[in-house]
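In case you want the letters, here they are:
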Amino acid sequence: MKSLKQKINCNQSTVGIIGLGYVGLPLALRFAQENFPVLGFDVDDKKVNYLNNGKSYIKHIRNNEINKILKTGFKASSNFKRISDVDIIIICVPTPLGIHNEPDLSFINGTLQNISLYLKLGQLLILESTTYPGTTDEILVSFIKSLKINKLILGENFFVGYSPEREDPGNKDFSTKTIPKVVSGFTKNCLELTDKLYQKVVDKTIPVSSPKVAEMTKILENIHRAVNIGLVNELKMVADKMNIDIYEVINAAATKPFGFTPYFPGPGLGGHCIPIDPFYLTWKAKEVGMNTRFIELAGEINTNMPKYVIQKVSEALNLRGKAIQNSKILILGLAYKKNVDDLRESPSLEIIDELIERGSKVQYSDPFFDKIPKTRKYNIELIGKNLNAASLETSDLVILCTDHDSFDYELIEKYAQLIIDTRGRFKASKKVVKA
């Protein structure tokens, strides 16, 4: 009987991926493309049915990609009994925040409960979800140790690893294969197996000494972006008071060939990583008696950006003798960033919700959404409008929230009465207000 290491070396280890969203599905594709046997698991039967019928529910993943891996034997399932059929278990479930910005590990804990009866000796369990340093040891390892599996010895006949996801939906320059992969393991043997596995599907792995280091690495990556975006968001407001175009400033500064990395302001932070992950470290830091002032300040600035946009809307309308109440406002873009169909934590939803609360007549246009799907925070019942001369002319104000490349910016500038530009796509003018 082949060992797990031998199976990995021969691409014969069956890989089970739990959570088939923006992280799990591309990973399943990558393993299947390298001819690993792959089983996908998700609690959402709708996703399972879509995949088993050759259909994708993520815009940048095409149906033909799903059909190709189905021909290799890929199957999706919501039946966790099939965990007993796999050699590798990779957990790619969400790690949101609770109402007080505390880590919500319910999806990880729920997954562990779902698979607990079907784990067996010889398996490798890997967590990819972003979380605070110590989660792998405190949650996964503790859970495995609590199981009554006869003769189980961690690092000898059952293995635990951590490898944080680095997906960037919509980024055409990098893919799951080409993005370097940080890998770690609970023991030396755990690290060796985790490293060997990912070496099969990515161009480069970055082994680190412990899961805590890998967890902290992912948190640092997102804190770096959150703090710098918070900085430019604050500078945007200062520059506005000084009648300076912050985008011109950033683009000029970016010509320096060393010591400067451009970050751009916006209407707020979105996506599953940057608005959420820094608070995981903030929470953990308090456990060890530390305050993370930079992180919390950046979070405060970024969280308040939708309110700043609303303020600019109110001021712009007032100058034209109108109020937010009863004004017809067209939102351009729902997604948290351009060219993707991802609504997670999108500031557009907060802006729409606030405008509706203030009595505005809100419409939206987004090429990726015919209607606004229900999210954890919002249930907004609006149907998308076509972006054309009529929809622009009949709106009192247009807010560019997400600068999809497919928008016709010449059309927008020509026919819109008033534009609130949160993305720096237009030059300032009598009808364009930067926000």
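**Regarding the pattern of salt bridges**
Applying the stated rule across the entire model yields 23 salt bridges. Here Glu165 ties to Lys218 by a salt bridge, and the two come within 3.6 Å at their closest N and O atoms. Note that Glu165 is positioned in the loop between strand 6 (159-162) and strand 7 (181-185) and Lys218 in helix 8 (residues 211-241), a separation of 53 residues in sequence. Take Glu165: its relative accessible area is 7%, and that puts it in the buried class. Classification of Lys218 as buried rests on a relative accessible area of 4%. Residue Arg425 pairs with Asp403 through a salt bridge whose shortest N-O separation is 3.6 Å. Here Asp403 lies in the loop between strand 11 (397-400) and helix 15 (409-415) and Arg425 lies in the loop between strand 12 (419-421) and strand 13 (432-434), a separation of 22 residues in the sequence. Judged by relative accessible area, Asp403 falls into the buried class, the value being 11%.

**What about helix 12 (residues 305-319)?**
Taking 1.5 Å of rise per residue, 15 residues should cover 21 Å, and helix 12 covers 21 Å from first to last C-alpha, within 8% of that figure. Where helix 12 is concerned, the buried positions are Met305, Pro306, Tyr308, Val309, Ile310, Lys312, Val313, Ala316 and Leu317. Immediately downstream of helix 12, the backbone of Gly321 shows phi near 75°, a positive value.

**Side note on the sheet that holds strand 6**
Taken together, eight strands build an open sheet; the order of strands is 3-2-1-4-5-6-7-8 and the sheet is mixed. Of all strands in the sheet, those bounded by a partner on one side alone are strand 3 (75-77) and strand 8 (205-207). Mean inter-strand twist for the sheet, computed between neighbouring axes without regard to direction, equals 25°. The pairing of strand 7 with strand 8 spans three bridges and is classified as parallel. The partner of Val183 across the bridge, within strand 8, is Pro207. Here helix 2 (residues 24-33) sits on the sheet and contacts strand 1 (15-18), strand 2 (38-41) and strand 4 (88-91); the angle it forms with strand 1, its principal contact strand, is near 170°. Together, strand 5 (124-127) and strand 6 form the strand contacts of helix 6 (residues 135-146), whose direction differs from that of strand 6 by roughly 160°.

**A closer look at the packing of helix 8 against helix 12**
Between helix 8 and helix 12, whose axes approach to 11 Å, the crossing angle comes to 25°. Of the possible angle classes, the one that applies to helix 8 and helix 12 is roughly parallel. The way helix 8 lies across helix 12 gives a crossing that is left-handed. Residue-level inspection shows Asn233, Lys236, Met237 and Asp240 of helix 8 in contact with helix 12, the latter providing Met305, Tyr308 and Lys312. Along the lines of polarity and charge, the residues of the contact of helix 8 with helix 12 split into three nonpolar, one polar and three charged.

**Here we look at the pairing of strand 11**
Because side chains alternate across strand 11, one face comprises the buried residues Leu397 and Ile399, and the other comprises Val398 and Leu400, equally buried. Here strand 9 (residues 328-332) runs beside strand 11; their pairing, made up of four bridges, is parallel. When the bridges of strand 11 are listed, Ile331 appears paired with Ile399. Bridging between strand 11 and strand 12 involves three bridges; their strand directions are parallel. Looking across to strand 12, one finds that Leu400 is bridged to Asp421.

**Comments concerning the sheet that holds strand 10 (residues 361-365)**
A sheet is described by the order of its strands in space; here five strands give the open sequence 10-9-11-12-13, paired in parallel fashion. Whereas interior strands pair on both sides, the edge strands pair on one side only; in this sheet they are strand 10 and strand 13. The average angle at which neighbouring strand axes cross in this sheet is 25°, direction not considered. Strands strand 9, strand 11, strand 12 and strand 13 of the sheet are contacted by helix 12, whose axis makes an angle of about 155° with strand 11.

What counts, and at which threshold
- Residues numbered from 1 in each chain as written.
- Predicted model: local features only at pLDDT ≥ 70, side-chain atom pairs only at ≥ 80, totals over all residues.
- Heavy atoms only, no water.
- Salt bridge = Lys/Arg side-chain N within 4 Å of Asp/Glu carboxyl O.
- Helix = DSSP H or I, 4+ residues; strand = E, 2+ residues; numbered from the N terminus.
- Buried < 20%, exposed > 50% of the residue type's maximum accessible area, 1.4 Å probe, protein only.
- Expected span 1.5 Å × (residues − 1).
- Pairing = 2+ DSSP bridges.
- Axes fitted to C-alpha atoms, helices over the stretch in contact; angles between N-to-C directions.
- Contact = heavy atoms within 4.5 Å.
- Parallel < 35°, antiparallel > 145°, perpendicular 65-115°, else oblique.
- Left-handed = near helix turned anticlockwise from the far one by under 90°.
- Nonpolar A, V, L, I, M, F, W, Y, C, P; charged D, E, K, R; others polar.

Fair warning: the whole summary comes from geometry, so function is off the table for now.
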